[in-house]
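# Overview (structure and organization)
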Amino acid sequence: MSSVHVSTTINGDPTDYVCDADETLLDVLRNRLGLTGAKEGCSTGDCGACSVTIDGRLTCSCLVLGAEVDGAKIGTIEGMANGEKLHPLQKKFIEHAALQCGICTPGFLIAAKSLLDHNPKPTETEVRFALAGNLCRCTGYDKIVRAVMDTAAELRRA
Amino acid sequence: MPLDNAESSTRKYKVVGTRPNRPDGVDKVTGRARFGADAVAPGQLVGLILRSPHAHAKIKSIDASKALKLAGVKAVVTKDDLPDKTDGDAGLYDVLVNVMAREKALYQGHAVAAVAATSAAIAKAALKLINVDYEILPHVTDVDEAMKPNAPLLYPKMITDGVDPKPKKPSNIVRRYEFGHGDVEAGFRQADIVIERSFKTEATHQGYIEPHACLANVGPDGQGELWVCTQGHFMVRDTCARLLGMDFSKLRVTASEIGGGFGGKTTVFIEPVALALSRKANRPVKVVMSREEVFKATGPTSSSSIDVKIGATKDGRIVAGDATLRYQGGAFAGSPVEFGAMTAFAQYDLDNVRAIGFDVVCNRPKQAAYRAPGAPMANFAVESVIEELAHKVGMEPIDFRIKNAAREGTHSSYGPIYGPIGLLPTLQKAREHPHFKAPLGKNQGRGMACGFWFNFGGQSCVSMNIGVDGTVSVTVGSPDIGGSRASMGLMTAEELGIPYEKVRTVIADTGTLGYNDVTDGSRTTFATGMACILAARDAIKKLCARAAQIWGIPEDAVTWENGHAKPAGANAGNHPPMSLKEIAAQAPSTGGPIAGHHEYSADGAGVSFATHICDSEVDPETGFTKILRYTVLQDAGKAVHPSYVEGQFQGGAVQGIGWALNEEYIYGKDGRLQNAGFLDYRIPVCSDLPMIDTVILEIPNPGHPYGVRGVGETSIVPPLAAVANSVSAAVGVRMTETPISPPKLLAALEKQSAMKKAAE
Amino acid sequence: MAKVIIWSSLKSHTGGESNLEIEAVNVKDLLARLGETYPGLQPQLKRGVSVSVDGIIFRDGWLTPLKSDSEVVLLPRMQGG
């Protein structure tokens, strides 16, 4: 199995690693870089728990090879807060009790941020469809949607 | 156990009932929280499990010699590494066999061997080198097929228990149960209207997003550590220690954060194997299940086949209810059919009721609990017939249910007489709810159902330690699966009279506390919460004693009020109140650390009733059902943290909606699971659903100081019937099988349309 | 004498009776005597039971005292999810 040397930027930090040719980006993040915020829920791109952004695009990291992201800018949950300042989405998720077990939360936050970066005034339906690629089994999605809508409103006021 | 039932209804709470942020929130929104697969240990090996591709097969031999020769492979285990130490405990023996097959592979996915290697790639290659010689046997996966006289037998010596006279021939029927009272035949003779129907539900999976994962570390001195995502790390410790022949105290288990359980993580699957591998290799071994393995080889629910017959007089009084339930629990005894039988009619006040249950084995994975185990299927059947009966009698379904609802003093269908229960309040509140006034259009319909779960107490230990700075550390042994840390903190702060922010709740490992029962049975806020309250009262006694010593007055001359020790009366002396912080600051020099404890087995859990209302719209061209409106009204006794109570209502309801509309285990003729992934095992996604409205009722449970009732499980019980009833109202077809997926509904609609045409 | 009600499918072990009377001071005592008097019940008792005493369900509280007129309902061992 051949090894590949990859240079990327992760959460703004230049990051180099060596990985196997068949290793997913998710495996690299979790097993080589210690960035365990992205979770493996299914490894087939169906649950969204591994969501990251690659050059600003929302992606399931289990469907991308570690070798494919040379030169790309990766965004993970670990980069969402600004030092000790939580992103408004993170704050609202806690306030609205939009998480119970919390395993899907990193994926949802990445997906929700991606939505609000592209559409600052989503309707409830738009929020629901934007988040349809992230599975949650605990909450029934109600409080997640409320948290995202509330954050969108707060960001618009700012 | 002192009960404060009078207090709970009139007491004004300072923090209980508010909605502060949960203490582990920041960890979970930043990715810092560590779940089962997030731990690493130096030198760790990757553990992988070899699983039977066949639904039923004799294992003639296992040859792992080639695998052992592969560089990087450090251990291979089979059943020979897990000798039978179950000592006649039949339940534990079944767990052992499920964890690692012995003479037979009993279902596709059944573990037959395992390897530990220095990398995932080597472990995968090693599995391919293990040669298993199978003799394929005929299999059966359907519950009704498994009960037929010529069905392939899983256990050639199994004679059905609970049948008189004892059957002469073996079968796949483990046991027959019967519950009820009165005389159903006599009851039916009094009925003006009788409805009889048969139902089937397919197996579903709890669908937690986090696959099972653990990291085991056992040394040659027989001491071990295990990091695992579980609902009960004490159960894991005791079960694994017994299976591996270790002393309980030598195995320390730490519960990681858990990414969902819902009952599916109340037992062990990979943990004994990981420990056995680690012991053999003398290195840490990490085992993480794939999603496919989770579907194939953990614990889905039973599938069921149920007959229900209910009779009523023309003025709407139910005179008899009779049900026969057939559940398959996978390849081992123990489907929750008895709970299905017990809960089927639990919502009603009946003079004549009977529920018969058959526990059946077949070639499927061993079932595990899924929120109110056994109840949703039974409720689907009974509440569907109730709705139909209401319409036939000419009453509104809600009024029909109110007329026949169980109340305090009712002889329940499963035996005990009910104490104070919240069913009528939920029904009456539902009746007034704006949901009932929402307009309905074409192909839209409204359905309802009410449901119930027992809840129970069990063992909990709490250690409450007061820091010298006056902040409090609460150590509990109940893994937090839904936000319970916040509730423990609220109850502690309430009792001690200090701010919520000054309390931190930590879930400790098995070496730190006495035994804690699994976080299941909706027991945590009730039993562990009550333990926190009692531990706080224990701490208060000690704080008062300390204050008394400092003041030089008798202990019983000191009381506790608003977080302060005060002299009980004017004649106790003129001492200004001393806060918890002030007393704690002096602890080192006045006798040492101050702590409160409580270890017990809680009883007196209160049952929780709920009423659900569902509006749906059916697309007659595709058979697709969209949920338009959904309301949950449920009795919580006392909502300690209302946001997390609402969360339980909503989460359980959505799981039930998924069960009703889309989720099912699909087996091929070869006995293999066809849809072992989230693409084809379709759980509800965000765009499928509306907001789930919730109403919390509070009819106090006399068995808890604040009146708390467990709420986590009841919410999955009514949705199957509520959805089915709404579909029936929308398009006039009665669906008697779940899931009510588009192909099935479309077929039913086409059949209905053909019948209409034929009649014209 | 505590009144003990067993579920219907266990009646074959008690000569067809589901309403029994047992002299016992606590639940542990009661279950032991139940098993002695009706040996056919022992396998179920060994597998596990819960009891309801005067309406309150106990899963493990075997030392719970019984009053002279306590009503005990035998139930399968409770399990949750």
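Quick caveat: nothing in here was measured; it's all calculated off a predicted structure.

### A word on the environment of Asp94(B)
Residues and elements named next belong to chain B. Within the element layout of this structure, Asp-94 appears in helix H4 (residues 90-99). C-alpha of Asp-94 to C-alpha of Val-288: the two residues are 194 residues apart in sequence and 22 Å apart in space. Apart from the residues within four sequence positions on either side, Asp-94 is in contact with Phe-332 and Ala-333.

### With respect to the pairing of strand E8 (residues 193-201) of chain B
Residue and element names in this part refer to chain B. Bridge count between E8 and strand E13 (residues 303-312): nine bridges; the pairing is antiparallel. Counterpart to Ile-195 in the pairing with E13 is Ile-310. Sheet topology places E8 next to strand E27 (residues 737-738); two bridges connect them, and they run parallel. Looking at the pairing, Lys-200 lines up with Glu-737 of E27.

### Some points on the domain arrangement of chain A
Residues and elements named next belong to chain A. Partitioning chain A into domains gives domain 1 (3-79) and domain 2 (88-157). Relative to domain 2, the C-alpha centre of domain 1 lies at a distance of 22 Å. Considering each element in turn, the side of domain 1 that touches domain 2 owes the most residues, three residues, to strand E3 (residues 51-54). Of the residues belonging to the side of domain 1 that touches domain 2, the class tally is seven nonpolar, five polar and one charged.

### Considerations on the interface of chain B and chain A
Counting residues at the interface gives 42 residues for chain B and 43 residues for chain A. Within the residue set of the side of chain B that touches chain A, elements represented by two or more residues are helix H2 (25-30) and helix H18 (642-661) of chain B. It is H18(B) that provides the largest number of residues to the side of chain B that touches chain A, a total of seven residues. When its residues are assigned to classes, the side of chain B that touches chain A shows 20 nonpolar, 16 polar and six charged.

### A short note on the arrangement of the chains
Inter-chain contacts occur across two pairs of chains; the most extensive set of contacts lies between chains A and B. A gap remains between chain A and chain C, with no contact made and the closest C-alpha atoms lying 14 Å from each other.

### Quick notes on the packing of helix H2 (residues 88-95) of chain A against helix H5 (residues 142-157) of chain A
For any two helices packed against each other, one specifies the inter-axial angle together with the distance between the axes. All names here are of chain A. The interhelical angle for the contact between H2 and H5, taken along N-to-C directions, is 135°, at an axis separation of 9 Å. With respect to their mutual orientation, H2 and H5 come out oblique. In this structure, H2 crosses over H5, and the sense of that crossing is right-handed. Residues Pro-88, Leu-89, Lys-92 and Phe-93 of H2 form the contact with H5, whose participating residues are Ala-147, Asp-150, Thr-151, Glu-154 and Leu-155.

### Considerations on H18(B)
Each α-helix winds once per 3.6 residues, and so residues spaced three or four apart point in a common direction. Taking 1.5 Å of rise per residue, 20 residues should cover 28 Å, and H18(B) covers 28 Å from first to last C-alpha, within 8% of that figure. The element H18(B) is largely enclosed, with a buried count of 18 among its 20 residues.

### A few points about unusual backbone geometry
In this chain, Asp164(B) is followed by Pro165(B) through a cis amide linkage whose omega measures 0°. With respect to the helices and strands, Pro165(B) occurs in the loop between helix H6 (143-147) and strand E7 (173-181). Of the consecutive residues Thr738(B) and Pro739(B), the connecting peptide bond is found in the cis state with omega at -5°. Relative to the helices and strands, Pro739(B) resides in the loop between E27 and helix H20 (742-759). For Asn11(A), which is not glycine, the phi dihedral falls at a positive 55°. By the element assignment, Asn11(A) lies in the loop between strand E1 (3-10) and strand E2 (13-20). With a phi angle near 50°, Asn562(B) is a residue other than glycine that sits in the positive phi range.

### Things to note about the nonpolar core
Residues and elements named next belong to chain B. Val-115 and Val-273 are the most contacted members of the largest nonpolar core, which totals 320 residues. Broken down by element, this core gets its largest block of residues, 15 residues, from helix H16 (residues 524-551). Those residues within four positions of Val-115 in sequence are excluded, and the remaining contacts are Leu-48, Ala-67, Val-73, Ala-75, Val-76, Ala-123, Ala-126 and Leu-127.

### With respect to the interface of chain B and chain C
Contact with chain B, which involves 37 residues of that partner, is made by 20 residues of chain C. At the level of elements, E7 and strand E17 (458-466) of chain B are the ones that each hand at least two residues to the side of chain B that touches chain C. The element that contributes the greatest number of residues to the side of chain B that touches chain C is E7(B), accounting for five residues. Residues belonging to the side of chain B that touches chain C are distributed by class as follows: 14 nonpolar, 14 polar and nine charged.

What counts as what
Residues numbered from 1 in each chain as written. Chains lettered and ligands numbered in written order. Predicted model: local features only at pLDDT ≥ 70, side-chain atom pairs only at ≥ 80, totals over all residues. Helix = DSSP H or I, 4+ residues; strand = E, 2+ residues; numbered from the N terminus. Contact = placed C-beta atoms within 7 Å. Pairing = 2+ DSSP bridges. Domains from an automatic or database assignment. Nonpolar A, V, L, I, M, F, W, Y, C, P; charged D, E, K, R; others polar. Axes fitted to C-alpha atoms, helices over the stretch in contact; angles between N-to-C directions. Parallel < 35°, antiparallel > 145°, perpendicular 65-115°, else oblique. Left-handed = near helix turned anticlockwise from the far one by under 90°. Expected span 1.5 Å × (residues − 1). Buried ≥ 20, exposed ≤ 12 C-beta atoms within 10 Å, placed from the backbone. Core = buried A, V, L, I, M, F, W, Y, C linked by C-beta atoms within 7 Å.

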